[in-house]
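This is what each chain is made of:
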Amino acid sequence: MGWTTITENDVLAGLNASESTAYRTKLLGDGQLDPLIEITDQVVAEIREAVRSNPDNVLSSSADQIPSSAIYHAVATIRYRLLTRLMVPVSDARTEEWREANRYRRDLATGTIRVESGADNVDTEAAAPGSRPRITTPTRTYERSDADG
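Values in this document were obtained by computation on a predicted structure and should not be read as measured data.

Each helix and strand counted, the protein has five helices and two strands in total. In the protein, the succession of α and β elements from N to C terminus is β-α-α-α-β-α-α. Looking at the protein as a whole, 35% of its 149 residues qualify as buried. Across the protein, contacts joining residues at least 24 apart in sequence account for 74% of those joining residues at least 6 apart. Element-wise, carbon and sulfur atoms account for 50% of the exposed surface of the protein, whose accessible area totals about 9,900 Å².

A word on the layout of surface pockets. Volume-wise, the second largest pocket comes out at about 200 Å³. In terms of lining, the second largest pocket is formed by Thr-5, Ile-6, Thr-7, Glu-8, Asp-34, Leu-36, Ile-37, Thr-40, Asp-41, Val-44, Ala-63 and Asp-64. Considering every element that reaches the lining of the second largest pocket, the biggest residue donor is helix 3 (residues 36-53), with five residues. Considering only residue class, the lining of the second largest pocket consists of five nonpolar, three polar and four charged.

Once that is clear, we can look at helix 5 (residues 92-110). Between its first and last C-alpha, helix 5 extends 27 Å over 19 residues, near the 27 Å set by a 1.5 Å rise per residue. Buried within helix 5 are the following residues: Arg-94, Thr-95, Glu-97, Ala-101, Tyr-104, Arg-105, Asp-107 and Leu-108. In the segment just after helix 5, Gly-111 is the residue with positive phi, at about 90°.

What follows covers the environment of Ser-91. Topologically, Ser-91 is positioned in the loop between helix 4 (71-86) and helix 5. Once the C-alpha coordinates of Ser-91 and Tyr-80 are considered, the two residues, 11 residues apart in sequence, prove to be 9.7 Å apart.

A separate point is unusual backbone geometry. Only a minority of non-glycine residues have a phi that is not negative, and only a minority of peptide bonds are not trans. Phi is positive for Met-87, which is not a glycine, with a value near 60°. Secondary-structure assignment places Met-87 in the loop between helix 4 and helix 5. Judged by relative accessible area, Met-87 falls into the exposed class, the value being 72%.

With that settled, the discussion passes to the packing of aromatic side chains. Any aromatic ring pair is given by two values, namely how distant the centres are and how the planes are angled relative to each other. Scanning all chains against the criterion turns up one aromatic pair. On the basis of an interplanar angle of 10° and a centroid distance of 4.3 Å, the ring pair of Tyr-80 and Trp-98 is categorised as stacked. One end of the pair, Tyr-80, is in helix 4; the other, Trp-98, is in helix 5, with 18 residues separating them in the sequence.

Viewed as axis vectors pointing N to C, helix 3 and helix 4 meet at an angle of 140°, and their least axial separation amounts to 10 Å. In terms of their interaxial angle, helix 3 and helix 4 are classed as oblique. The handedness of the crossing between helix 3 and helix 4 comes out as right-handed. Residues Leu-36, Glu-38, Ile-39, Thr-40, Gln-42, Val-43, Glu-46 and Ile-47 of helix 3 lie in contact with helix 4, whose contacting residues are Ala-74, Thr-77, Ile-78, Arg-81, Leu-82 and Arg-85.

Quick look at the environment of Thr-77 now. Note that Thr-77 resides in helix 4. Overall, Thr-77 belongs to the buried group, its relative accessible area being 0%. Thr-77 sits 21 residues away from Trp-98 along the chain, and the two C-alpha atoms are 5.3 Å apart. Apart from residues no more than four positions distant in its own chain, Thr-77 is found in contact with Val-43, Trp-98, Ala-101 and Arg-105. Looking at Thr-77, its side chain comes within polar contact range of the main-chain oxygen of His-73, at 3.0 Å.

Definitions and cut-offs
- Residues numbered from 1 in each chain as written.
- Predicted model: local features only at pLDDT ≥ 70, side-chain atom pairs only at ≥ 80, totals over all residues.
- Heavy atoms only, no water.
- Helix = DSSP H or I, 4+ residues; strand = E, 2+ residues; numbered from the N terminus.
- Buried < 20%, exposed > 50% of the residue type's maximum accessible area, 1.4 Å probe, protein only.
- Contact = heavy atoms within 4.5 Å.
- Areas by Shrake-Rupley, 256 points an atom, 1.4 Å probe, with all protein chains shown as cover.
- 1 Å grid on protein atoms, 1.4 Å probe; cavity = no way out; pocket = protein on both sides within 12 Å on 5 of 7 lines; lining within 4 Å.
- Points joined across faces, edges and corners; volume = space filled by probe spheres on them.
- Nonpolar A, V, L, I, M, F, W, Y, C, P; charged D, E, K, R; others polar.
- Expected span 1.5 Å × (residues − 1).
- Phe/Tyr/Trp six-rings, centres within 6.5 Å; stacked < 30°, edge-to-face > 60°.
- Axes fitted to C-alpha atoms, helices over the stretch in contact; angles between N-to-C directions.
- Parallel < 35°, antiparallel > 145°, perpendicular 65-115°, else oblique.
- Left-handed = near helix turned anticlockwise from the far one by under 90°.
- Polar contact = N/O pair within 3.5 Å; in protein donor to acceptor, adjacent residues only side chain to side chain.

Honestly, it's all geometry; don't read function into it.
Encoded structure:
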């Protein structure tokens, strides 16, 4: 799957019609700065920190990328924070999605959920946990008796 950057379209696609209308009229209509970028940056940082908390994970070198598998949970968190900032009633379903996103971040940090490696151009094959390299004594293919003279 890889790592990707959350776009404004990802977030807007996660809003229903009434949420989208409230976002555009209440936040963007008053001449206020759009909080979507700030909220998105915060959520991306939180997910990356959760990934970093588990030493088995490897982060992407791009500071704005998260695992593709985390997009759904990131959008749920961004949407919840955006709606609470709008001070509109948040449905039980949206609240439950936000809680699930929080559990997801916790599971990322504890290692319950593993994510794909974010390392660029790195071999993704890894040794089994706890395994050690096996070193054997090399066999000689050239003996003294094989030498001429």
